[in-house]
Amino acid sequence: MSYPRIDLAGASVAITGGGAGIGRAAAELFARRGARVAIGDLNLPAAEETAATIGGTAHHLDVADRDSFAAFVAAAEKAHGPLHVLVNNAGLMPNGGFLELSDATDRLQIDVNLGGVLNGLKEVLPGMVERGSGHVVNVASLAGKFPVKGLAVYNATKFAVVGLTAATRLEFADAGVSISAVLPSAVDTALASGLDMRPIPKVQPEDVAKAVVDSVHNRRAEIAVPGYVGLLAAAAGITPEPVLKRIRRLVRDDRALHADQPERSAYRANLEAQETRRA
């Protein structure tokens, strides 16, 4: 499929969760390529700090709230013009046994990781379709292809994002709008703090950001970071279960159930604050 070319020099780009981690790295790289960047984040001071470093604009955003997302898109387009690119990056990753995590934690993951992507797509696609051009990047995860003990609901949300991306990509291709999924392995950010996910490789936010920015030109359907983990996930899908069980025992696949609690405590406290605010 051939899509209308998007020139990043002068392009209007909006990034959710742009105050830190992958979102911040992507904002910096888009800005270096000449784009005008709007950064949305639940943590407005973090968004403002990022915006100040790249000459972009910062906006408070709760991706789980459709009205908040609508306001973010409106503000981004007022500041930088009709959106050429949306990066659905905001997400969270609580860890723990499936029966141990609270209903509030489960709901928060669903609302942010999946609901946020739904809200983003529904807010920007009408305008992109009307203009006959646009690109959306959904930052999913290798966990959207490969299940992990201790991340059951997180797995569920990321599997959903991968499927949602694939289906909407088909639906809007003829309108000139492309939708890509970026699937990182464990990323060296607060999201994975305290989690030893070996042998899954840990990548840097800048590696994922490069895949996000490059997708604007290559328009690939799925982009694994690093590339070879996508092949491993595909191979796992056709490997007999007894073989997979033996491999999992060898590599200790229960690491997400046993986080480094002191290192993980700050991230857990942030999640609890979000849960309390939504209660």
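Quick note: structure is the one above.
The paragraphs below set out a description of the structure included in this document. (Residues numbered from 1 in each chain as written. Predicted model: local features only at pLDDT ≥ 70, side-chain atom pairs only at ≥ 80, totals over all residues. Heavy atoms only, no water.)

### Section: the overall build of the protein
Next, step 1: Check the secondary structure of the protein and you find 9 helices and 7 strands.
Next, step 2: Here the protein holds 279 residues, and the buried ones make up 52% of them.
Next, step 3: Long-range pairs, those at least 24 residues apart, make up 69% of the contacts in the protein between residues at least 6 apart in sequence.
Next, step 4: Here the protein displays about 12600 Å² of accessible surface, and carbon together with sulfur accounts for 57% of that area. (Helix = DSSP H or I, 4+ residues; strand = E, 2+ residues; numbered from the N terminus. Buried < 20%, exposed > 50% of the residue type's maximum accessible area, 1.4 Å probe, protein only. Contact = heavy atoms within 4.5 Å. Areas by Shrake-Rupley, 256 points an atom, 1.4 Å probe, with all protein chains shown as cover.)

### Some thoughts on the sheet that holds strand 6 (residues 177-184)
Next, step 1: An order of 3-2-1-4-5-6-7 is seen for the 7 strands of this open sheet, with the pairing classed as parallel. Strands at the two margins of the open sheet, each flanked by one partner only, are strand 3 (57-60) and strand 7 (222-225). Here the strands of the sheet are splayed against their neighbours by 20° on average, with no regard to which way each runs.
Next, step 2: Where strand 6 and strand 7 come together, 4 bridges link them in parallel fashion. Considered in strand 7, the bridge of P184 is made with V225.
Next, step 3: The sheet contacts of helix 4 (residues 103-131) involve strand 4 (85-88), strand 5 (134-139) and strand 6, and relative to strand 4 the element is tilted by about 175°. (Pairing = 2+ DSSP bridges. Axes fitted to C-alpha atoms, helices over the stretch in contact; angles between N-to-C directions.)

### Observations concerning the environment of A76
Next, step 1: In this fold, A76 is placed in helix 3 (residues 66-80).
Next, step 2: Overall, A76 belongs to the buried group, its relative accessible area being 0%.
Next, step 3: A76 sits 62 residues away from A14 along the chain, and the two C-alpha atoms are 6.7 Å apart.
Next, step 4: Those residues in contact with A76 that lie beyond four places of it in its chain are S12, A14, A38, H59, G81 and L83.

### Description of the nonpolar core
Next, step 1: In this structure, F69, L121, V124 and V136 are the most contacted members of the largest nonpolar core, which totals 36 residues.
Next, step 2: Contributing elements (two or more residues each) for this core: helix 3, helix 4, helix 5 (152-172), strand 6 and helix 9 (261-278).
Next, step 3: Counting residues per element, this core draws most heavily on helix 4, which supplies 7 residues.
Next, step 4: Contacts of V124, omitting those with residues within four sequence positions, involve V73, L83, L86 and V136.
Next, step 5: Among the nonpolar cores identified, the runner-up in size contains 32 residues, and A25, I39, V139 and V187 belong to it. (Core = buried A, V, L, I, M, F, W, Y, C linked by side-chain atoms within 4.5 Å.)

### Let's talk about the side chain of D62
Next, step 1: Along the chain, D62 turns up in the loop between strand 3 and helix 3.
Next, step 2: Looking at D62, the relative accessible area reads 10%, which means it is buried.
Next, step 3: With residues near it in sequence (within four places) discarded, D62 still touches L42, S68, F69, R277 and R278.

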